[in-house]
Amino acid sequence: MCFVCLGNICRSPTAEGVMRHLVVRASLADSFLIDSAGTGAYHVGERADARSRAEASRRGVELSSRARQFKAEDYGRFDYVVAMDSSNHRHLERLAGGRAELARLFMLRTFEKNPRDLDVPDPYYGGERGFAKVYDIVERGCSGLLAHIRAEHRL
Ligand code: 4NP
């Protein structure tokens, strides 16, 4: 799976780190290829935002990603391309070559039980609390996504 946000420094690196943590805990690490990318290229090569890393670290999760831009070819490498918000989703729809790619495109929060909103809010220009909120939302979404995949693939 590949998680995708705008900059690939806040939301999708958090999802990547949380999902890695969840699959290790479930002893399923060998069954998954977990990555993240951004629709934009502004932060390519950068580590996750220090505020995202601090929040994850408080919860026992290290974020080790380097930002990269999502490319159309990534659809060939991942079964689940998971957008963090509807703007990312629209961008990814435009990059999809056809129905096979579109069938791999999801929104993270659709895997939450009772989502209040389908977007993971962009925390970049806000304060610390936004990062804690993003972490909570991402954790719920990733748990739901993992449960969905385990049920679908009998893992
Ligand atoms: P992300 O957050 O998409 O969650 O990585 C952002 C990071 C940087 C910018 C916007 C959102 N930016 O405009 O530079």
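Further up the page is the structure itself.
Parameters and conventions
- Residues numbered from 1 in each chain as written.
- Predicted model: local features only at pLDDT ≥ 70, side-chain atom pairs only at ≥ 80, totals over all residues.
- Heavy atoms only, no water.
- Near = heavy atom within 4 Å.
- Polar contact = N/O pair within 3.5 Å; in protein donor to acceptor, adjacent residues only side chain to side chain.
- Areas by Shrake-Rupley, 256 points an atom, 1.4 Å probe, with all protein chains shown as cover.
- Nonpolar A, V, L, I, M, F, W, Y, C, P; charged D, E, K, R; others polar.
- Phe/Tyr/Trp six-rings, centres within 6.5 Å; stacked < 30°, edge-to-face > 60°.
- 1 Å grid on protein atoms, 1.4 Å probe; cavity = no way out; pocket = protein on both sides within 12 Å on 5 of 7 lines; lining within 4 Å.
- Points joined across faces, edges and corners; volume = space filled by probe spheres on them.
- Helix = DSSP H or I, 4+ residues; strand = E, 2+ residues; numbered from the N terminus.

Trainee: What exactly am I supposed to notice about the site of the ligand here?
Mentor: Surrounding the ligand, one finds Cys5, Leu6, Gly7, Asn8, Ile9, Cys10, Arg11, His43, Asp122, Tyr124 and Tyr125. Residue glycine 7 places a main-chain N or O atom 2.8 Å away from an oxygen atom belonging to the ligand. For the ligand, the protein covers 92% of the area, taking 350 Å² as the surface of the free molecule. Class assignment of the residues belonging to the shell around the ligand gives a composition of 6 nonpolar, 3 polar and 2 charged.

Trainee: Could you clarify how one ought to interpret the packing of aromatic side chains in this entry?
Mentor: All chains considered together, the criterion is met by 4 aromatic pairs. Chaining the aromatic ring pairs together yields one cluster made of Tyr80, Phe106 and Phe111.

Trainee: It is not clear to me how empty space enclosed by the protein should be interpreted in this structure. Could you clarify?
Mentor: A probe as big as a water molecule, rolled over the atoms, marks out the empty space that is left. Enumeration according to the criterion identifies 1 cavity of 30 Å³ or more in this entry. Put simply, the largest cavity is a space of about 30 Å³. Residue lining of the largest cavity: Cys10, Thr14, Arg51, Ser52, Glu55, Phe131, Val134 and Tyr135, and that is the complete set. At the level of secondary structure, the elements contributing two or more residues to the lining of the largest cavity comprise helix H2 (50-58) and helix H5 (128-153). Taken together, the residues of the lining of the largest cavity sort by class into 4 nonpolar, 2 polar and 2 charged.

In short, geometric facts, not functional conclusions.
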